[in-house]
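Here's the letter readout for the chains.
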Amino acid sequence: MKHLPACLIGALLLAGCATQAPPPGTVVAPERFGQLVVPGRTTRAELLAAFGPTRSVAFDSGYQAWLYSAAGAGGASGKGGEELVLLLDRDGIVRKMRRRAAYPTDGQR
């Protein structure tokens, strides 16, 4: 009986470690997309400051495509939500942005 509180605390700590948080910067509130991203003006540094690092693809041309997810009906994972796809030029300026619904298979690997 003396060890019951210690066991409960230990179980809670282990349960906290078992939950998987999304990678930093990848899940963003959807209303922040339009407020903070302006093609031709927003820089790589501003994106990192506002949203944090995310998944990206670098091309031989020096351009990069970045992907941010917004939490939707599926919760914090971004499943069922919306995504923001950004194209950054060699100088780190956002050239194009596209908002789209998350594909049902996104995140399944």
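Residues numbered from 1 in each chain as written. Predicted model: local features only at pLDDT ≥ 70, side-chain atom pairs only at ≥ 80, totals over all residues. Heavy atoms only, no water.

*Asks:* So what's going on with the overall build of the protein chain? Residues and values would help.
*Replies:* Assigned secondary structure in the protein chain consists of three helices and five strands. Relative to its 109 residues, the protein chain shows a buried fraction of 26%. Put simply, of all contacts in the protein chain between residues at least 6 apart along the chain, 43% involve residues at least 24 apart. Total accessible area computed for the protein chain in this model is approximately 7,400 Å², and 61% of it derives from carbon and sulfur atoms. (Helix = DSSP H or I, 4+ residues; strand = E, 2+ residues; numbered from the N terminus. Buried < 20%, exposed > 50% of the residue type's maximum accessible area, 1.4 Å probe, protein only. Contact = heavy atoms within 4.5 Å. Areas by Shrake-Rupley, 256 points an atom, 1.4 Å probe, with all protein chains shown as cover.)

*Asks:* Please give an account of the packing of aromatic side chains that cites residues and values.
*Replies:* Across all of its chains, the model carries two aromatic pairs by this definition. Here the aromatic rings of Phe 51 and Tyr 68 are separated by 5.0 Å at their centres, their planes lie at 55°, and the arrangement is tilted. Highlighted residues: Phe 51 in helix H3 (residues 44–51) and Tyr 68 in strand E3 (residues 64–70), separated in sequence by 17 residues. This pair shows no difference in class: Phe 51 is buried, exactly as Tyr 68 is. Every member of this aromatic cluster is reached through a ring pair, and the members are Phe 51, Trp 66 and Tyr 68. (Phe/Tyr/Trp six-rings, centres within 6.5 Å; stacked < 30°, edge-to-face > 60°.)

*Asks:* Which residues make up the environment of Arg 32, and what values go with them?
*Replies:* Mapped onto the fold, Arg 32 is located in helix H2 (residues 30–36). On the basis of relative accessibility, which here comes to 31%, the residue Arg 32 falls in the partly exposed class. Separated by 19 residues in sequence, Arg 32 and Phe 51 have C-alpha atoms that sit 9.0 Å apart. Excluding anything up to four places from it in sequence, Arg 32 contacts Ala 50 and Phe 51.

*Asks:* Which residues make up the pairing of strand E2 (residues 55–58), and what are the values?
*Replies:* When E2 meets E3, the two strands line up antiparallel, connected through four bridges. In the strand pairing of E3, Ala 58 is matched with Gln 64. Where E2 folds back onto E3 in an antiparallel hairpin, the turn is made up of five residues, including Gly 62, whose phi is positive at roughly 100°. (Pairing = 2+ DSSP bridges.)

*Asks:* With reference to specific residues and values, describe the nonpolar core.
*Replies:* One finds Val 28, Phe 33, Val 37, Leu 47, Phe 51, Trp 66, Tyr 68, Ala 70, Leu 84, Leu 86, Leu 88 and Val 94 forming the largest nonpolar core, which totals twelve residues. Where this core is concerned, the elements lending two or more residues are H3, E3 and strand E4 (82–88). Once residues lying within four places of it in the same chain are set aside, the contact partners of Leu 47 are Val 37, Thr 42, Gly 52, Trp 66, Tyr 68, Leu 86, Leu 88 and Val 94. (Core = buried A, V, L, I, M, F, W, Y, C linked by side-chain atoms within 4.5 Å.)

*Asks:* Explain the confidence of the model for the protein chain to me, and be specific about the residues and the numbers.
*Replies:* Chain-level pLDDT for the protein chain is 75 on average; 61% of the residues reach the 70-or-more range. For the protein chain, per-element mean pLDDT is lowest for helix H1 (residues 4–18), which scores 55, and highest for E2, which scores 92. Low pLDDT, under 50, characterises residues 18–22; the predicted model gives this stretch two contacts beyond four residues in sequence or across chains. Segment residues 73–78: pLDDT under 50, and eleven contacts once partners within four positions in sequence are set aside and those in other chains are kept. (pLDDT = per-residue confidence, 0-100.)

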